[in-house]
Amino acid sequence: MAKGILGKKLGMTQIFEADGTLVPVTVVEAGPCVVLQNKTEEKDGYNAVQLGFGDIKEKQVNKPMKGFFDKAGVAPVKVVREVRLDAPSEYKVGDKIAADIFAAGDLVDAVGVSRGKGFAGTIKRHNFARGPMKHGSKSHREPGSNGPMHSGPGGRVIKGKKLPGRMGGISATVQRLTIAKVDKDRNLIMVKGSVPGAAGTFLLLRDTVRPDVVKAEQK
């Protein structure tokens, strides 16, 4: 059965493996998470477990969420997320999920909000090529033609065209990350490589959706 846990990105560091290899890792404060609700295919159309993580002052909780937490019989939490499951959850409402739900060597997907980069042009945002840099060129970093110039039904910018705009600050997923180490006593999970978001942002670590993918160089 698939599993997952909520956490907070603390930052990056490095550890050494037994053979002396240096490995860059992201340190995630994972849990403890509280189970808020179980969803089943018979009642809700899909199987999932709803998790809560992070402390929050009771005065900062609105009335609908306060009623939800009171019904579950748990203290208010800052972040609420669902983890889809293949089968009905084995947890009960109020159960705690700790970092030891995963072990070193497990493959996970990290879901978070990417760093916001503000307004960006097409070269940075969409990897466009630049124009000629010679003297006299008036199109160094411009996006180029936006579409037909004639009037009528076709004289418009097509929906979805790649243009300058706000970059980053969206949900992003990095797949098939390897867990390097789990520190149950301090609720820490160290993941090889980088994960989305800045330090202090919240993450969802879940079983990878691509467990059987083999890289080309490993074939």
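From a predicted model like this one, the values you see are computed outputs, not experimental measurements.

Another aspect to go through is the packing of aromatic side chains. The tally for this structure, following the rule as stated, stands at two aromatic pairs. The interplanar angle of 80 degrees and the centroid separation of 5.9 Å between the aromatic rings of Phe53 and Phe202 together place this pair among those described as edge-to-face. With Phe53 in strand S4 (residues 48-55) and Phe202 in strand S12 (residues 202-207), this pair connects stretches of sequence that are 149 residues apart. Above the ring of Tyr46, the side-chain terminus of Arg84 is found at 3.9 Å from the ring centroid.

Here we take up the nonpolar core. Ile5, Leu51, Phe102, Ile189 and Leu205 are the most contacted members of the largest nonpolar core, which totals 27 residues. Counting residues domain by domain, this core receives three or more from each of domain 1 (8-27 + 101-130 + 165-210) and domain 2 (31-96). Counting seven residues, the second largest nonpolar core, distinct from the first, contains Val34, Val61, Phe69 and Val77.

A negative phi angle is the norm for most residues apart from glycine, just as the trans form is the norm for most peptide bonds. With a phi close to 65 degrees, Asn127 is a non-glycine residue in the positive phi region. Structurally, Asn127 can be placed in the loop between helix H3 (122-126) and strand S9 (165-167). Its relative accessible area of 69% is what places Asn127 among the exposed residues. The phi dihedral of Arg176 is positive, around 55 degrees, even though this residue is not glycine.

For the protein, the assigned domains are domain 1 (8-27 + 101-130 + 165-210) and domain 2 (31-96). The C-alpha centroid of domain 2 is placed 24 Å from the C-alpha centroid of domain 1. Both faces combined, the contact of domain 1 with domain 2 buries some 500 Å², and carbon together with sulfur accounts for 79% of it. On the domain 1 side of the contact with domain 2, Asn187, Phe202 and Leu204 bury the most area, a combined 77% of that side's loss. Here domain 1 is connected to domain 2 by zero salt bridges.

According to the stated counting rule, one finds seven salt bridges in the structure shown. Residues participating in the shared-partner salt-bridge network are Glu58, Lys66 and Asp70.

Moving on: the pairing of S12. Looking along a regular strand, one sees side chains alternate from face to face of the sheet. Pairing geometry for strand S1 (residues 4-16) and S12, over five bridges, is antiparallel. Paired with Lys8 across the two strands is Phe202, which belongs to S12.

The rules we used
- Residues numbered from 1 in each chain as written.
- Predicted model: local features only at pLDDT ≥ 70, side-chain atom pairs only at ≥ 80, totals over all residues.
- Heavy atoms only, no water.
- Phe/Tyr/Trp six-rings, centres within 6.5 Å; stacked < 30°, edge-to-face > 60°.
- Helix = DSSP H or I, 4+ residues; strand = E, 2+ residues; numbered from the N terminus.
- Lys NZ or Arg CZ within 6 Å of the ring centre and 35° of its normal.
- Core = buried A, V, L, I, M, F, W, Y, C linked by side-chain atoms within 4.5 Å.
- Buried < 20%, exposed > 50% of the residue type's maximum accessible area, 1.4 Å probe, protein only.
- Domains from an automatic or database assignment.
- Buried area = accessible area lost by both parts, 1.4 Å probe.
- Salt bridge = Lys/Arg side-chain N within 4 Å of Asp/Glu carboxyl O.
- Pairing = 2+ DSSP bridges.

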